[in-house]
Amino acid sequence: MGLSRIQSFGDARAAARRRLPWMVFDYIDGAAGTGHGEALNLAAIRDIRLQPRILVNVEHRNLGVQVFDHAAKIPFGISPMGMCNLSAPGADLMLARMAAKHQTPVGVSTVASTSLETMIEAAEGHAWFQLYFSGDGSGTSRLIERAEAAGYRTLVMTLDVPEVGRRPRELRRGFKMPFKIGPLQFIDFALHPVWSLSTLVKGRPDMANFTEPGFGFDRTASRAAADWGFLERLRERWKGNLVVKGVTSVEDAVRLKEVGVDAIQVSSHGGRQLDACPPPILALSQIRQALGEGFPLFYDTGMRSGEDVVRAYAMGADFVFFGRAMLYAIAAGGEQGLTHFTRILTDEISLTLAQIGRVDMTGLPDTLAGS
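For the structure given in this document, a descriptive report is provided here. (Residues numbered from 1 in each chain as written. Predicted model: local features only at pLDDT ≥ 70, side-chain atom pairs only at ≥ 80, totals over all residues. Heavy atoms only, no water.)

**Brief notes about the overall build of the protein**
Thought 1: Helix and strand content of the protein: 14 helices and 10 strands.
Thought 2: For 371 residues, the compact-globule estimate of 2.2 N^0.38 gives 21 Å, and the C-alpha radius of gyration of the protein, at 20 Å, lies within 12% of that figure.
Thought 3: Expressed as lengths along the three principal axes of its C-alpha atoms, the size of the protein is roughly 60 × 50 × 40 Å.
Thought 4: Relative to its full complement of 371 residues, the protein shows a buried share of 56%.
Thought 5: Entry remark: accessible area of the protein is about 16,100 Å², with carbon and sulfur atoms responsible for 52%.
Thought 6: Where the 40 positive side-chain charges of the protein centre and where its 39 negative ones centre are 6 Å apart. (Helix = DSSP H or I, 4+ residues; strand = E, 2+ residues; numbered from the N terminus. Rg over C-alpha atoms; globule rule 2.2 N^0.38 Å. Buried < 20%, exposed > 50% of the residue type's maximum accessible area, 1.4 Å probe, protein only. Areas by Shrake-Rupley, 256 points an atom, 1.4 Å probe, with all protein chains shown as cover. Lys, Arg positive; Asp, Glu negative; His and termini not counted. Charge placed at Lys NZ, Arg CZ, Asp CG, Glu CD.)

**As for the side chain of R272**
Thought 1: By secondary structure assignment, the location of R272 is in the loop between β8 (263-266) and α12 (280-291).
Thought 2: A distance of 3.3 Å separates a polar atom in the side chain of R272 from the backbone oxygen of I28.
Thought 3: With residues up to four places along the chain from it excluded, the contact list for R272 reads Y27, I28, G30, A31, A32, G165, R167, E170 and R324. (Polar contact = N/O pair within 3.5 Å; in protein donor to acceptor, adjacent residues only side chain to side chain. Contact = heavy atoms within 4.5 Å.)

**Some points on the packing of helix α2 (residues 22-29) against helix α14 (residues 324-355)**
Thought 1: One way to put it is that α2 packs onto α14 with a least axis distance of 10 Å and a crossing angle of 155 degrees. Put simply, α2 runs roughly antiparallel to α14. Facing α2, whose interface residues are F25, I28 and D29, α14 presents R324, L327 and Y328.
Thought 2: Classifying every residue of the contact of α2 with α14 by side-chain character gives four nonpolar, no polar and two charged. (Axes fitted to C-alpha atoms, helices over the stretch in contact; angles between N-to-C directions. Parallel < 35°, antiparallel > 145°, perpendicular 65-115°, else oblique. Nonpolar A, V, L, I, M, F, W, Y, C, P; charged D, E, K, R; others polar.)

**What about the packing of aromatic side chains?**
Thought 1: Here the structure, examined in full by the defined rule, presents 14 aromatic pairs.
Thought 2: A centroid spacing of 5.7 Å and a plane angle of 35 degrees characterise the contact between W128 and F298, whose relative ring orientation is tilted. Here W128 is found in strand β5 (residues 127-131), whereas its partner F298 is found in strand β9 (residues 297-299), with 170 residues between them in sequence. Taken individually, W128 and F298 each receive the classification buried, so the pair is uniform in this respect.
Thought 3: Consider the rings of F298 and F319, whose centres lie 6.4 Å apart with planes at 75 degrees: the pair is edge-to-face. (Phe/Tyr/Trp six-rings, centres within 6.5 Å; stacked < 30°, edge-to-face > 60°.)

**Some remarks on the pattern of salt bridges**
Thought 1: Counted according to the given criterion, the structure contains 17 salt bridges.
Thought 2: Between R13 and D29 there is a salt bridge; the shortest N-O distance is 2.8 Å. Taken as a pair, R13 in helix α1 (residues 9-19) and D29 in helix α2 lie far apart in primary sequence, 16 residues in all.
Thought 3: For R13, a relative accessible area of 26% corresponds to the partly exposed category.
Thought 4: Between E307 and R311 there is a salt bridge whose closest N-O contact spans 3.8 Å. With E307 and R311 both in helix α13 (residues 306-314), this residue pair falls four residues apart, about one helical turn. (Salt bridge = Lys/Arg side-chain N within 4 Å of Asp/Glu carboxyl O.)

**What to know about the pairing of strand β7 (residues 241-247)**
Thought 1: Counting buried positions along β7 gives seven out of seven residues, so the element sits mostly inside the fold.
Thought 2: Direction of pairing for strand β6 (residues 154-158) relative to β7: parallel, over a ladder of five bridges. From the neighbouring strand, L155 faces β7, where its bridge partner is L242.
Thought 3: Across four bridges, β7 lies against β8 in parallel orientation. Along β8, the bridge assignment pairs V244 with I264. (Pairing = 2+ DSSP bridges.)

**Comments concerning the pairing of β8**
Thought 1: The side-chain alternation of β8 yields two buried faces, one formed by A263 and Q265 and the other by I264 and V266.
Thought 2: Examined bridge by bridge, β8 and β9 share three bridges and lie parallel to one another. If you follow I264 over to β9, its bridge partner there is L297.
Thought 3: Read as a crossover between parallel neighbours, the route from β8 over α12 to β9 is right-handed. (Right-handed = clockwise from strand over helix to strand, strands pointing away.)

**Some words on α13**
Thought 1: Counting buried positions along α13 gives eight out of nine residues, so the element sits mostly inside the fold.
Thought 2: All buried positions along α13 are accounted for by G306, D308, V309, V310, R311, A312, Y313 and A314.
Thought 3: Against the buried residues of α13 lie α3 (36-46), β1 (65-67), α12, β9, β10 (319-322) and α14.
Thought 4: The backbone nitrogen of E307 has a side-chain oxygen 3.4 Å away, supplied by the residue at the start of α13, namely S305.
Thought 5: After α13 finishes, the residue G316 shows a positive phi value of roughly 120 degrees.

Okay, structure coming up:
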């Protein structure tokens, strides 16, 4: 499929579905439970109405946004995602180079396919390290030390995974990290030879931050021991920017601000944790109202287009992050696919601003229809 035929998230997803093994596609694409919670959030985003305006000079538009003390050239970044190289060999580094080009943050997952040290170098410093609490916390401390030594200035603590959500699609495919190859997986890979051969040549994706003997990561292990005391100790320990990701509760958001985190990332983990979770795009608006203006609020989950970016800003976000969409673009067309899809998003954002009579990303809550 030529890149010119990819003009939307749906196009990229369809191309990725054809190219990727079933096991890999269902791992990336799957949601918790029946997927109803994910669908509700997508519907809630679609229902957000922006008010078009006329006779406003919008000839010159600027998509740059301030994130902490840094000026990003585009108003979105890349969410931390585990094992990105499953979408294509070298996907992590493609995302890092995209971040460097646009001076926007790329989240580096605890279970990235590329080491956290390599990622921040490739991103030219535009990388945030995402951390999971695990076990007794000793491994967590070790990763924090490595992030500090590598020069990370922002730590993203993901706290909406006390236990890994039940995702039936990946369970049916037998997805595990690292891979367990059985008859079903062998057939799956044989029916997707382009992906399989390129992966064979480049090497099987692995959890690159856990290559040292005796230092491993169990994706299915409980993280339920993390509590407010842990977060307070982390806040004291980490001197850089601390972002807490995975928040949909107003009560939790208020307390997080009191504890002294630097930003909150409203998210339902892409709908992958709790099927009954309320739509995070609606929680974003409620949390903004509770915290007031000025406190940094980030958003991910359900982002599909440039219009969605503007919608999220209108609901109170200061910055947003894309996840699956970027992996589909890479699966569809490699680094060129990622560049192509990023250009689509920026074009859509710019066109949306023009339609609603705005020249930049500020003051967008005022553009909600009926506001």
